[in-house]
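The lines below spell out each chain.
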Amino acid sequence: MMTQHSKGFTLIELMVSLTLALVIMLSAMQLLLTNQMSFNLQSGMGNVQENGRFALDYINRMVRSAEYSQNTANPTIGIITNQAELPGLINNDLVTRNDLTNLGKGLSDQLVTRMWVSQAMIDGGFRDCEGNAITTPSFVVTRYFVRADSVTGSDAALACDAGNYAVDAAAVASYGDDGVVLLSTIDSFQVLLGVSAFPVPALGQRFPVRYMTAKIYDDTPVASRPMIVSLRMGLLVRSNEKVNTGFNDEPKPIQVLDKLILGSALNDKFIHRVFTSTLALRNAI
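Since the model is a prediction, treat every value here as computed from it, not as a measurement.

**Q** Sorry, what's going on with the pattern of salt bridges here?
**A** Opposite charge on two side chains permits them to pair, given that their charged atoms come into close proximity. In the structure shown here, the tally under the stated rule is 8 salt bridges. Of the charged contacts, one joins aspartate 93 and arginine 97 as a salt bridge, the two residues approaching to 2.3 Å between their closest N and O atoms. Residue aspartate 93 is classed as partly exposed on the basis of its relative accessible area, which comes to 36%. Since its relative accessible area comes to 26%, arginine 97 is described here as partly exposed. Overlapping salt bridges, with partners in common, bring together Asp99, Asp258 and Lys259 in one network.

**Q** Honestly, the state of the cysteines in this entry has me stumped. Any pointers?
**A** What we call a disulfide is simply a covalent bond connecting the sulfur atoms of a pair of cysteines. In total, this model carries 1 disulfide according to the counting rule given. In this model, cysteine 129 is linked to cysteine 160 through a disulfide, with the two sulfur atoms separated by 1.9 Å. Handedness of the cysteine 129-cysteine 160 disulfide follows from its S-S torsion of about -95°: it is left-handed. Taken together, the residues cysteine 129 in the loop between α2 (119-123) and β3 (138-149) and cysteine 160 in strand β4 (residues 154-165) connect sequence positions 31 residues apart. Pair check on accessibility: cysteine 129 and cysteine 160 agree, each one buried.

**Q** It is not clear to me how the sheet that holds β4 should be interpreted in this structure. Could you clarify?
**A** Strand-to-strand pairing in sheets goes through backbone hydrogen bonds, with the strands running parallel or antiparallel. Spatial ordering of the open sheet is given by β1-β2-β3-β4-β5, a layout of 5 strands whose pairing is antiparallel. With one partner strand each, in any of the chains shown, β1 (97-102) and β5 (180-183) form the two edges of the open sheet. Going across the sheet, the axis of each strand differs from the next one's by a mean of 35°, ignoring polarity. Here β1 runs beside strand β2 (residues 107-117); their pairing, made up of 3 bridges, is antiparallel. By the bridge assignment, arginine 97 is partnered in β2 with glutamine 110.

Thresholds, definitions, all that
- Residues numbered from 1 in each chain as written.
- Predicted model: local features only at pLDDT ≥ 70, side-chain atom pairs only at ≥ 80, totals over all residues.
- Heavy atoms only, no water.
- Salt bridge = Lys/Arg side-chain N within 4 Å of Asp/Glu carboxyl O.
- Buried < 20%, exposed > 50% of the residue type's maximum accessible area, 1.4 Å probe, protein only.
- Disulfide = S-S within 2.5 Å.
- Helix = DSSP H or I, 4+ residues; strand = E, 2+ residues; numbered from the N terminus.
- Pairing = 2+ DSSP bridges.
- Axes fitted to C-alpha atoms, helices over the stretch in contact; angles between N-to-C directions.

Dropping the structure here:
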């Protein structure tokens, strides 16, 4: 009597099937991880681009009018580099300074500007960088600097402090505090001053012939000091979160105007990007 043998997989066939299934699963996982890293990279680059452009565009918009004065025949200085240029100021750390703070990826600068806010600007709803409304025509002093941000836990954030004073005031009101944070993901803030030729040419012919740090400008004797007619600013911005790109090589150094940030300082898994801007002080040239 013939018996029918049971049909099924042999041990070898089963092992081959399991191996193939494992290879397919590993390939799928690798594809998923690659897609996730690509998404994180694109997301990180996106928020760096958005944050950097916002911060630089905001500063540009405010600084362009730094030389605007209520007295066109004898205009006031728009870029403040010395405490004597503001009424009642006794702290020289509250003016434009080179290498003032050592936060983020090294030393950062500070920029202080002054502009006249007219009644027309007040009627148009003008507010300073801290969101304060200006009620009467006056000078507004604005300070951009780097400090820590306890709210987000960032050790380096771009902040803005604003004060104001009337023409005959003895001191600048509401100036010199921590201000408000404009961007909490910054690693470096650099400023170069564009100066005209000396002797200073006539109005309409004052073009930048050289860019220098605030220290070099301040060390120049007053008798031979050129006029500041433009600004060059640089921001090194990082992503909001660390991003695993899958690359373990040390990043290349990044130049932020006159400062070189070494690759070893940038090996922190964050995405870093430099934003620069050069603008003329429209009322100084």
